[in-house]
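An overview of the molecular structure
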Amino acid sequence: MGTTKRRSPLTDWTVLVPVVALVALVFSWGRDLPGFAVVLVALCLAGAVLAAVHHAEVVAHRVGEPFGSLILAVAVTVIEVALIVTLMADGGDKSASLARDTVFAAVMITCNGIVGVSLLVGALRNRVAVFNPEGSGAALATVATLATLSLVLPTFTTSKPGPEFSTAQLTFAAVASLALYGLFIAVQTVRHRDYFLPVDTGRGADQRGDRQDDQQGDRQSDQQGRGDHAVPPTDRAALLSLGLLLVALVAVVGDAKAVSPTIETAVAKAGLPQAVVGVIIALLVLLPETLAAVRAARRDRVQTSLNLAYGSAIASIGLTIPAIALASIWLSGPLLLGLGAVHMVLLALTVVVSALTLAPGRATLLQGGVHIVVLAAYLFLAVSP
């Protein structure tokens, strides 16, 4: 009998596509692209998204949960921040609300879109999607606090006219965002790591909280964090995937910026609000997390999907607001952060629905459908305010 060769986690297309997408970014950067070039860049963008998901899963398999979800969420958000700052620097006054629109779109897409689809997939597979309410509830509380401090309060403060923070208020929001983000990461990865690990559905939801002691929890962390029973990739393969993940994410965001003038022109010609640009950018940038979350849900790892969703929302606010506050030193023009009345209602609805969804630690098709409807309402009102 012949020996079974160990399959490498890297395949040819996952290595070539990020490099090709990066080359496309280099040749398209700062140029007015004709129609066929926009199509080519868009194809490279789609390929880079799929490659990013693959490499994120390789890294996650090596380091275990919740570190794998954290790596993808932080990597995407850091590059998303760079994209926002770059577009704001190029756009002038018309991009004053771009950071707000993109961050709020990211919150709605993650907390309703990614969560909703993941719950639907998990419930379709097992009738009930099971997860840890302790970790997911803590993540939701962090998202709600960050969103309120950074996106709601500017509408009501009086130090400056309009939905803006004063310099002192913006500084406080930036420091508070960083502090909350750092505290959440410490809880997720160190102190209460077991709250963010996938639930063994075979044990039943009622046994979810039966953690005997810290030693047993550590053993569960090691076993569950490794994911499936497949052999983890080698350190070399994981490092190569990490490098290619960063290349793919740079290509995703850079190619999104390359096609953004076409998007802005199409939005303007269609007579749509400028906020739609932020929605489209968020949809493009969050594609890797969305695909990774759906694939995790198909493998009965709904908690991993929720880690990706809420982790991305927390990172989007917790890293973007401090970066924008720092960039405002040299960026000219106003920085509009406060949400309007319609968006505040949608944010409040999202928080209430999410709290009710997460409290039991299990969800059905109904909860997933409710989140999808909330996202659909947001997208419809973004196009037709």
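For the structure given in this document, a descriptive report is provided here.

Here is what the cut-offs are and how they apply
- Within each chain, residue numbers correspond to sequence positions counted from 1 in written order.
- Owing to the predicted nature of the model, reporting of local features is limited to residues with pLDDT of at least 70; listing and counting of side-chain atom pairs is limited to 80 or more, with chain, interface and lining totals taken over all residues.
- Processing note: side-chain calculations cover all non-hydrogen atoms of the structure and skip hydrogens and water entirely.
- Here a helix means four or more residues in a row that DSSP labels H or I, a strand means two or more in a row labelled E, and each is numbered from the N terminus.
- Residues count as neighbours in contact if any of their non-hydrogen atoms are within 4.5 Å of one another.
- Residue burial considers only the protein chains on display, and all accessible areas are found by Shrake-Rupley using a 1.4 Å probe.
- With axes taken as lines fitted to C-alpha atoms, and helix axes fitted only over the stretch in contact, angles between N-to-C directions fall between 0 and 180 degrees.
- By the definition used in this description, the sense in which the near helix is turned from the far one sets the handedness, with an anticlockwise turn below a right angle giving left-handed and a clockwise turn giving right-handed.
- Nonpolar residues are Ala, Val, Leu, Ile, Met, Phe, Trp, Tyr, Cys and Pro. Charged residues are Asp, Glu, Lys and Arg, and all others, Gly as well, are polar.
- Only buried Ala, Val, Leu, Ile, Met, Phe, Trp, Tyr and Cys residues count toward a nonpolar core, and they belong to the same one when joined by side-chain atoms within 4.5 Å.
- Exposure classes here rest on a 1.4 Å probe applied to the protein chains alone. A residue is buried below 20% of its type maximum, exposed above 50%, and partly exposed in between.
- By salt bridge we mean one thing: a side-chain nitrogen of Lys or Arg within 4 Å of a carboxyl oxygen of Asp or Glu.
- For a helix, the expected span equals 1.5 Å multiplied by the number of residues minus one.
- Here the bend at a residue is taken as the angle between two axes, fitted respectively to the seven residues that end there and the seven that start there.
- Throughout this description, any angle smaller than 35 degrees is read as roughly parallel, any larger than 145 degrees as roughly antiparallel, any in the 65 to 115 degree range as roughly perpendicular, and the remainder as oblique.
- Patch membership requires more than 30% relative accessible area and the absence of a salt bridge. Residues of like charge join within 9 Å; the nonpolar side chains Val, Leu, Ile, Met, Phe, Trp and Tyr join within 5 Å.
- Only rings of Phe, Tyr and Trp enter the pairing, Trp through its six-membered ring, and a pair is recorded when the two centres are within 6.5 Å. The plane angle decides the type: under 30 degrees is stacked, over 60 is edge-to-face, the rest tilted.
- It is the directions from the helix axis to the C-beta atoms that the arc portrays.

**Some thoughts on the overall build of the protein**
Broken down by element type, the protein carries 13 helices and two strands. Counting only contacts in the protein whose residues sit at least 6 apart along the sequence, the fraction spanning at least 24 positions is 86%. As displayed, the protein has an accessible area near 17,400 Å², and 65% of this comes from carbon and sulfur atoms.

**With respect to the packing of helix α6 (residues 167-191) against helix α11 (residues 302-327)**
Remark: α6 packs on α11, axes separated minimally by 8 Å, with the N-to-C direction vectors making an angle of 150°. Crossing of α6 against α11: the hand is left-handed. Packed against α6, whose contacting residues are L170, A173, A174, S177, L178, Y181, F184 and Q188, the element α11 presents N307, I314, A315, I317, G318, L319, I321, P322 and A325 at the interface. Residue composition of the contact of α6 with α11, by class: 13 nonpolar, four polar and no charged.

**Some words on the nonpolar core**
Among the nonpolar cores identified, the biggest contains 98 residues, and M88, Y310 and Y378 are the most heavily contacted of them. For this core, the element with the most residues is α11, which contributes 14 residues.

**Examining the pattern of salt bridges**
For the coordinates displayed, the defined rule picks out three salt bridges. Note that D101 is salt-bridged to R100, the shortest N-O span being 3.2 Å. An identical accessibility class is assigned to D101 and R100; each is buried. Across the pair K160 and E164 runs a salt bridge whose closest N-O atoms are separated by 3.4 Å.

**A few points about the environment of G162**
Relative to the assigned elements, G162 resides in the loop between α5 (133-156) and α6. Measuring from C-alpha to C-alpha, the distance between G162 and L335 comes to 9.9 Å, with 173 residues separating the pair along the chain.

**Here's the deal with helix α8 (residues 235-269)**
Helix length check: α8 (35 residues) gives 50 Å between terminal C-alpha atoms against 51 Å at 1.5 Å per residue, within 8%. Taking the largest bend as the criterion, α8 deviates by roughly 40°, centred on V259, and proline P261 comes between one and four positions later.

**Considerations on the packing of helix α2 (residues 35-63) against α8**
For the pair α2 and α8, the least separation of the axes is 7 Å and the interaxial angle reads 150°. Judged by the angle between their axes, α2 and α8 are roughly antiparallel. Judged by the twist between their axes, the crossing of α2 over α8 is left-handed. A breakdown of the residues in the contact of α2 with α8 according to their chemical character gives 22 nonpolar, three polar and three charged.

**A look at the side chain of R100**
Here R100 shows up in helix α4 (residues 98-126). Not counting the four nearest positions on each side in its chain, R100 is found in contact with L151, P163, L336, L337, G338 and L339.

**Quick word on a nonpolar patch on the surface**
Taken together, the side chains of V19, V23, V26 and F27 make up a nonpolar region of the molecular surface, amounting to roughly 380 Å² of accessible area. On the accessibility criterion, V23 (41% relative accessible area) is partly exposed.

**Focus: the packing of aromatic side chains**
Applying the stated rule across the entire model yields two aromatic pairs. Both rings, one in F104 and one in Y378, keep their centres 5.5 Å apart while their planes meet at 80°; by these two values the pair is edge-to-face. Of this pair, F104 sits in helix α4 while Y378 is found in helix α13 (residues 365-383), placing the two residues 274 residues apart along the sequence. Neither F104 nor Y378 differs from the other in exposure class; each is buried. Plain terms: the ring middles of F184 and F196 are 5.7 Å apart, the flat faces sit at 90° to each other, and that makes the pair edge-to-face.

**A few points about helix α10 (residues 287-298)**
For α10, which comprises 12 residues, the first-to-last C-alpha distance of 17 Å matches the rise-based estimate of 16 Å (1.5 Å per residue) to within 8%. All of the buried residues along α10 are P288, E289, A292, A293, A296 and A297. The buried residues of α10 occupy an angular sector of 160° when the element is viewed end-on, so they sit on one face. Positive phi shows up at D300, right after α10, with a value of about 65°.

**Focus on unusual backbone geometry**
At R127, a residue that is not glycine, the phi angle is positive and equals roughly 70°. Residue position: R127 is located in the loop between α4 and β1 (129-130). We note that D300 has phi near 65°; this positive angle belongs to a residue other than glycine. Position of D300 relative to the elements: it lies in the loop between α10 and α11. Residue classification places D300 among the partly exposed residues on the basis of a relative accessible area of 24%.

Treat this as a map of the structure, not an account of what it does.
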